[in-house]
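Analysis of the macromolecular model
Listed here are the chains, written in short residue letters.
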Amino acid sequence: MRTHALIAGLSLALAISSPPAVHAQQPAVVQPAQTIAETLEAAAALSQLRAVVVARDGEIVAERGYGGHTPAESTNIKSASKSIISALVGIAIDKGLLEGVDQPIAPILSGDLPAERDPRLDRITIGHLLSMQAGLDRTSGGNYGRWITSRNWVRAALAMPFVDEPGGRMLYSTGSTHLLSAILTKVGGKSTLQLARDWLGPVEGFRIGAWDRDPQGVYLGGNQMAMSTRSLLAFGELYRNGGRTAKGEQLVPEDWIRRSWTSRTNSRFSNDGYGYGWFERVIGGRTVHFAWGFGGQMLYVVPDLGLTVAMTSDESGPSARSGYRDELHDLLVKIIGTAEG
């Protein structure tokens with residue numbers, strides 16, 4: 001998967017310059033007799049789309065693969081994996097492995113701090129990394145290639161110059177979630193992949209396949225993770241169900257989900273709110289929390305409809321500036337309209 005890593009640096013070029021806001025996607029007209037299955041059938045016109053799975057109140061009501069793909073096959077979910085990293089952080093806090101979102105990261109990553117470091121590094125917290133407000137220059141976008149060709153990704157991320165104060169504007173950076181992966185590895189005493197399998201393993205249908213690692217063996221926090229569309233949906237269902245499995249086992253603290261879905265900043269490009277690894281937007285007249293990965297890897301949760309929708313796409317092209325992401329949002333509008341009918 002690392003051969004595709006340079007592509008991912010072009011994904012999700014986000015920043016913020018204003019208070020949190022939630023952008024509204026206008027409702028679309030849906031024929032009353034239309035079923036969700038028929039809606040997914042019509043979505044075959046989207047050439048990048050690989051698979052869609054829709055669940056209502058915990059039951060899969062429709063799913064479809066496109067172009068020879070199936071909902072059961074693995075795909076690179078790209079930055080949608082940042083929401084999974086956020087879940088692991090919440091579990092680590094609940095287990096007492098981390099003190100909380102206000103815990104400074106410098107003592108945990110002391111061995112990787114620059115020899116002559118900016119004193120602002122001591123002010124960066126776990127929460128700042130989760131909400132993309134570390135203040136460090138981004139390792140995504142134009143800096144991504146240089147970052148992932150460095151000898152030590154953790155040190156390189158910490159050595160990025162400050163372009164804002166910790167807690168300031170949103171600077172979307174995969175380096176921030178990779179630092180969280182390194183922190184989880186240190187405090188958990190296991191790889192991030194093993195922690196995910198241990199802590200999220202009870203979720204029926206959830207499975208992480210291949211996942212890239214940095215030169216030191218730390219799994220890449222927030223990118224290059226292989227999951228099936230069904231597995232992505234299973235993770236979304238965990239959040240829709242308040243962090244509980246279908247059998248009622250509490251895996252992610254319910255309060256953590258609420259905090260993760262509380263917007264703390266926003267994208268100056270889309271006006272989408274951003275919490276701890278999750279975006280927020282009004283789509284089809286409903287508040288939607290979603291994970292988003294390069295190319296159009298989407299996980300939508302619509303709590304007041306009991307609706308969870310996972311979509312995976314061809315990872316080779318962008319989804320934001322091409323307009324494809326908006327087409328996926330529009331597809332969700334139609335699914336919402338059908339579910340309401």
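Located above this text is the structure these notes cover.
Here's a quick rundown of the structure.

Rules and cut-offs
- Residues numbered from 1 in each chain as written.
- Predicted model: local features only at pLDDT ≥ 70, side-chain atom pairs only at ≥ 80, totals over all residues.
- Heavy atoms only, no water.
- Helix = DSSP H or I, 4+ residues; strand = E, 2+ residues; numbered from the N terminus.
- Polar contact = N/O pair within 3.5 Å; in protein donor to acceptor, adjacent residues only side chain to side chain.
- Contact = heavy atoms within 4.5 Å.
- 1 Å grid on protein atoms, 1.4 Å probe; cavity = no way out; pocket = protein on both sides within 12 Å on 5 of 7 lines; lining within 4 Å.
- Points joined across faces, edges and corners; volume = space filled by probe spheres on them.
- Nonpolar A, V, L, I, M, F, W, Y, C, P; charged D, E, K, R; others polar.
- Buried < 20%, exposed > 50% of the residue type's maximum accessible area, 1.4 Å probe, protein only.
- Pairing = 2+ DSSP bridges.
- Arc of directions from axis to C-beta.

When you line up the elements, T139 lands in the loop between helix 4 (126–130) and helix 5 (144–148). Of note is the side chain of T139, whose polar atom sits 2.9 Å from the side chain of S173. Those residues in contact with T139 that lie beyond four places of it in its chain are Y144, W147, A157, M160, S173, T174 and G175.

Approximately 480 Å³ is the volume attributed to the largest pocket. Lining the largest pocket are 21 residues, with G58, E204, A234, E237 and A246 sitting closest to its centre. The set of elements that each furnish at least two residues to the lining of the largest pocket consists of strand 3 (59–65) and helix 9 (229–240). A per-element tally of the lining of the largest pocket places helix 9 first, with seven residues. Each residue belonging to the lining of the largest pocket can be placed in one class, and the counts come to eight nonpolar, five polar and eight charged.

All right, on to the pairing of strand 11 (residues 307–313) then. The element strand 11 is largely enclosed, with a buried count of seven among its seven residues. Residues L307, V309, M311 and S313 of strand 11 are buried on one face, and the alternating residues T308, A310 and T312, pointing to the opposite face, are buried as well. Bridge analysis of strand 2 (residues 49–56) against strand 11 gives seven bridges, and the strand direction is antiparallel. Bridge assignment links V53 to a residue of strand 11, and that residue is A310. Two elements, strand 10 (residues 297–302) and strand 11, share five bridges in a ladder whose sense is antiparallel.

Buried within helix 8 (residues 192–200) we find T192, L193, L195, A196, W199 and L200. Looking straight down helix 8, one finds its buried side chains confined to an arc of 160°; they lie on one side.

We now examine empty space enclosed by the protein. According to the stated counting rule, one finds two cavities of 30 Å³ or more in the structure shown. Taken as a whole, the largest cavity spans an internal volume of roughly 60 Å³. Taken together, L129, A134, L136, D137, T139, A157, M160, S173, G175, S176 and L179 make up the lining of the largest cavity. The element that contributes the greatest number of residues to the lining of the largest cavity is helix 7 (residues 174–188), accounting for three residues. Here the lining of the largest cavity is built from residues that sort into six nonpolar, four polar and one charged. In this structure, the second largest cavity spans a volume of roughly 30 Å³. As for the second largest cavity, its lining consists of S79, A80, K82, S83, Y172, Y274, G277, F279, F290, A291 and W292. Breaking the lining of the second largest cavity down by element, the ones donating at least two residues are helix 3 (82–94) and strand 9 (286–293).

Read these as layout, nothing more, since geometry by itself doesn't imply function.
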